[in-house]
Amino acid sequence: MCIRDRYYTTANLFEVGDFTSHAGLPLAWKIECDAIRPEWWHGLARMVMDYQTGPFCRAEGIPRGGVAFGEAMNQYGTGNPKDPVLIVDDVYTTGTSFREYCDKHYPDEVVIKWCVFARKPTTDGVNALFTMPPEVV
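Nothing here was measured: the structure is a model prediction, and the numbers come from that model.

Turning our attention to the overall build of the chain. Of the regular secondary structure elements, the chain holds three helices and six strands. Mapped in sequence order, the helices and strands of the chain form the string β-β-α-β-α-β-α-β-β. Over its C-alpha trace the chain gives a radius of gyration of 15 Å, about what one expects of a compact globule, namely 14 Å for 137 residues. For the chain, the spread of C-alpha atoms along the three principal axes comes to 45 × 35 × 25 Å.

Quick look at the layout of surface pockets now. Approximately 670 Å³ is the volume attributed to the largest pocket. Looking at the lining of the largest pocket residue by residue, the classes come out as 12 nonpolar, nine polar and nine charged. A volume near 230 Å³ is recorded for the second largest pocket. In this structure, the second largest pocket is lined by Leu-25, Leu-27, Trp-29, Thr-93, Thr-94, Arg-119, Lys-120, Met-132, Pro-133, Pro-134 and Glu-135. In terms of residue class, the lining of the second largest pocket is made up of six nonpolar, two polar and three charged.

Core analysis: the largest hydrophobic core is formed by 21 residues, its most contacted members being Cys-33, Trp-41, Phe-69, Met-73, Leu-86 and Phe-117. Taken together, the elements giving at least two residues each to this core come down to α1 (38–48), α2 (67–73), β4 (86–92) and β5 (112–118). For Phe-69, the residues in contact, after removing those within four places along its chain, are Trp-41, Leu-44, Ala-45, Val-48, Val-88, Asp-89, Trp-114, Cys-115 and Val-116. Listed in part, the 12 residues of the second largest apolar core include Ile-62, Phe-98, Tyr-101 and Cys-102.

The rules we used
- Residues numbered from 1 in each chain as written.
- Predicted model: local features only at pLDDT ≥ 70, side-chain atom pairs only at ≥ 80, totals over all residues.
- Heavy atoms only, no water.
- Helix = DSSP H or I, 4+ residues; strand = E, 2+ residues; numbered from the N terminus.
- Rg over C-alpha atoms; globule rule 2.2 N^0.38 Å.
- 1 Å grid on protein atoms, 1.4 Å probe; cavity = no way out; pocket = protein on both sides within 12 Å on 5 of 7 lines; lining within 4 Å.
- Points joined across faces, edges and corners; volume = space filled by probe spheres on them.
- Nonpolar A, V, L, I, M, F, W, Y, C, P; charged D, E, K, R; others polar.
- Core = buried A, V, L, I, M, F, W, Y, C linked by side-chain atoms within 4.5 Å.
- Buried < 20%, exposed > 50% of the residue type's maximum accessible area, 1.4 Å probe, protein only.
- Contact = heavy atoms within 4.5 Å.

Next up, the structure:
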């Protein structure tokens, strides 16, 4: 399965600077998942499957960052419409993208949610492969 035909980027996985999150929060750094090669998405999908034990029909990536991850996760979908849909994104910051996407596309359905990186511990049933620790006060 081909995620992208070509991979061209000079992005670094971790970028430092002034950024704004999807929810409008100021960020001093970000995780730039455009730096992840297509074959690495398959590796990340395989890692998730060490923890995702329940079946899912298909995977959908939240545009824009989750699309490549969703394509990689699809290889593990059952195709059975009775199984829940798996919603994925690359980076979780506040959970806004997951809430907006699920409210729009699956308002009354149970879905499974995964991200690769979480900038903080997740809420609303979102699972994260890698999570930054909570803020220390």
